[in-house]
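Listed here are the chains, written in short residue letters.
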Amino acid sequence: MHASSLTQTAKPVFTAHKAVERFLSEMATVAKRTFPRWHATLAEGIEGCPIDAETRRGVLDVHPLDDYYFAGVVALEAAKVRQLFTPEEASELLSQIGEQVDVAAGRKDRVVSDLVFFIVGRVETMMSLDQQKMPYDQVVKAILQRIGIDKVEATEHLMTEALYRHTLGEPLALGVPDWWNTYRKKYSLSLKANAVPIAAADMMTVADMPNVIPMRRRQPRRAVAF
C-alpha cells in the first residue's frame, strides 16, 4: 500500500485533554436538552407524596439538581472508558474528566466531579456483577440518594418503584449518545501533550452520533454533603 493511501485512511489524532474538553461540551448540550423532562418527572413523583412544603423545598429547591443531572450524564458515558481504552489511556481520560468537569459545570468546588466518580464506581461495580441491569438506573438511584429521597419516610418508596425509576431514567437512556465508542471508531488518542490537535470543525458533535451549547456559568448553589 502506498504511503498516500495510509495517510488518507489514518484516523485524526488529538490529546486526552482535547478529547475530554469536547466530550464535556457535548454532554453539557445533552444535559441542557434533556434536563427539563427529567426534572418534571422528578418533581411529579415528589409532589405526589404526602410531604409538607418545607420538606419539598429541601428536596427540590436546595440542591443544584441541574448540576447533579449533568454529573449523571457525564458518568453514564465515563463509565465506559475503562472498557474501551487501554489502562493508560483510560487513566488519563478519567483524570482529565476529574480536572475539567467542575469548570464545565460552572462550579468552583468539586460537587460535580465527586458525584461523577461516585456514580462511575457504582455503574462499573454493577456491570461486573450483572450485565442485565441498566447503567442509567444506577445513575437515577445515585441522584435520588444524593437529594435524600431515601431518608424521608414519605418519599423513600420512590427508590423501589421500578416504573418511576424507569420513567426517570428515560431521558438518560434515550438522550445520551454512545459518545466514547463513536469517538474511538473515528479518532485516535495521543497521551503526548504536544500532539497535533485537529480543527474544531473536524471534531464530532452530538449531531454526528445540534451545535454545542456551552454550559451556563453561574455562582454555585449550596450542595448538601453525602
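Residues numbered from 1 in each chain as written. Predicted model: local features only at pLDDT ≥ 70, side-chain atom pairs only at ≥ 80, totals over all residues. Heavy atoms only, no water.

Asks: Sorry, what's going on with the overall build of the protein here?
Replies: Counting its secondary structure elements, the protein contains ten helices and two strands. When the elements of the protein are put in sequence order from the N terminus, they spell out α-β-α-α-α-α-α-α-α-α-α-β. When burial is assessed residue by residue, the protein has 49% of its 226 residues classed as buried. When the accessible surface of the protein is summed, it comes to about 11500 Å², and 54% of that surface belongs to carbon and sulfur atoms. (Helix = DSSP H or I, 4+ residues; strand = E, 2+ residues; numbered from the N terminus. Buried < 20%, exposed > 50% of the residue type's maximum accessible area, 1.4 Å probe, protein only. Areas by Shrake-Rupley, 256 points an atom, 1.4 Å probe, with all protein chains shown as cover.)

Asks: How do you make sense of the pattern of salt bridges when you look at a structure like this?
Replies: As a working rule, side chains carrying opposite charge can pair if their charged atoms are close by. Scanning the model with the defined rule gives 14 salt bridges in all. Note that Arg22 and Glu26 form a salt bridge whose closest N and O atoms lie 3.9 Å from each other. Residue Arg22 and its partner Glu26 are both found in helix 2 (residues 16-47); the two are separated by four residues, about one turn of the helix. Overall, Arg22 belongs to the buried group, its relative accessible area being 16%. Residue Arg165 is joined to Asp137 by a salt bridge in which the shortest nitrogen-to-oxygen separation is 2.8 Å. Of this pair, Arg165 sits in helix 9 (residues 162-175) while Asp137 sits in helix 8 (residues 135-146), and the two are 28 residues apart along the sequence. (Salt bridge = Lys/Arg side-chain N within 4 Å of Asp/Glu carboxyl O.)

Asks: I would appreciate a short explanation of the side chain of Arg122 in the present structure.
Replies: Looking at where Arg122 falls in the secondary structure, it is placed in helix 7 (residues 111-129). There is no salt bridge for the buried Arg122, and the closest opposite charge comes from Asp150, which lies 7.9 Å off by N-O distance. When residues no more than four places from it in sequence are discounted, the contact partners of Arg122 are Gln138, Lys141, Ala142 and Gln145. (Lys, Arg positive; Asp, Glu negative; His and termini not counted. Contact = heavy atoms within 4.5 Å.)

Asks: Would you mind showing me how to read the nonpolar core here?
Replies: Taken as a class, soluble globular proteins show a tendency for nonpolar side chains to be buried jointly. If you look at the biggest cluster of nonpolar residues, it comprises 68 residues, and the most contacted ones within it are Leu42, Phe70 and Trp180. Broken down by element, this core gets its largest block of residues, 14 residues, from helix 2. (Core = buried A, V, L, I, M, F, W, Y, C linked by side-chain atoms within 4.5 Å.)

Asks: Hey, could you run me through the packing of aromatic side chains in this one?
Replies: For any pair of aromatic rings, geometry is given as the distance between the ring centres together with the angle between the planes. Overall, the coordinates contain 13 aromatic pairs when judged by the stated rule. With centroids separated by 5.7 Å and ring planes inclined at 55°, the aromatic side chains of Phe35 and Tyr69 adopt a geometry described as tilted. Here Phe35 is found in helix 2, whereas its partner Tyr69 is found in helix 4 (residues 65-78), with 34 residues between them in sequence. Each member of the pair, Phe35 together with Tyr69, is buried. (Phe/Tyr/Trp six-rings, centres within 6.5 Å; stacked < 30°, edge-to-face > 60°.)

Asks: Honestly, the packing of helix 4 against helix 6 (residues 87-104) in this entry has me stumped. Any pointers?
Replies: The relative placement of two packed helices comes down to the angle between their axes together with the axis-to-axis distance. Their axes nearest at 12 Å, the elements helix 4 and helix 6 cross at an angle of 165°. Between helix 4 and helix 6, the angle falls in the class roughly antiparallel. The handedness of the crossing between helix 4 and helix 6 comes out as right-handed. The segment helix 4 lies against helix 6, with Phe70, Val74 and Ala78 engaging Leu94, Ile97, Val101 and Ala104. Of the residues belonging to the contact of helix 4 with helix 6, the class tally is seven nonpolar, no polar and no charged. (Axes fitted to C-alpha atoms, helices over the stretch in contact; angles between N-to-C directions. Parallel < 35°, antiparallel > 145°, perpendicular 65-115°, else oblique. Left-handed = near helix turned anticlockwise from the far one by under 90°. Nonpolar A, V, L, I, M, F, W, Y, C, P; charged D, E, K, R; others polar.)

Asks: Help me understand the environment of Ala16 in this model?
Replies: Mapped onto the fold, Ala16 is located in helix 2. Among all residues touching Ala16, those that are not within four sequence positions of it are Glu92, Leu93, Gln96, Leu189 and Ser190.

Asks: So what exactly am I meant to see when it comes to the packing of helix 2 against helix 10 (residues 179-186) here?
Replies: Orientation of helix 2 relative to helix 10, taken along the N-to-C sense of each, is 140°, at an axis distance of 11 Å. Our classification of the angle between helix 2 and helix 10 gives oblique. Viewed along their axes, helix 2 and helix 10 form a crossing whose handedness is right-handed. Across from Ala19, Val20, Arg22, Phe23, Glu26 and Met27 in helix 2, the residues of helix 10 making contact are Trp179, Trp180 and Tyr183. Counted by class, the contact of helix 2 with helix 10 contains seven nonpolar, no polar and two charged residues.

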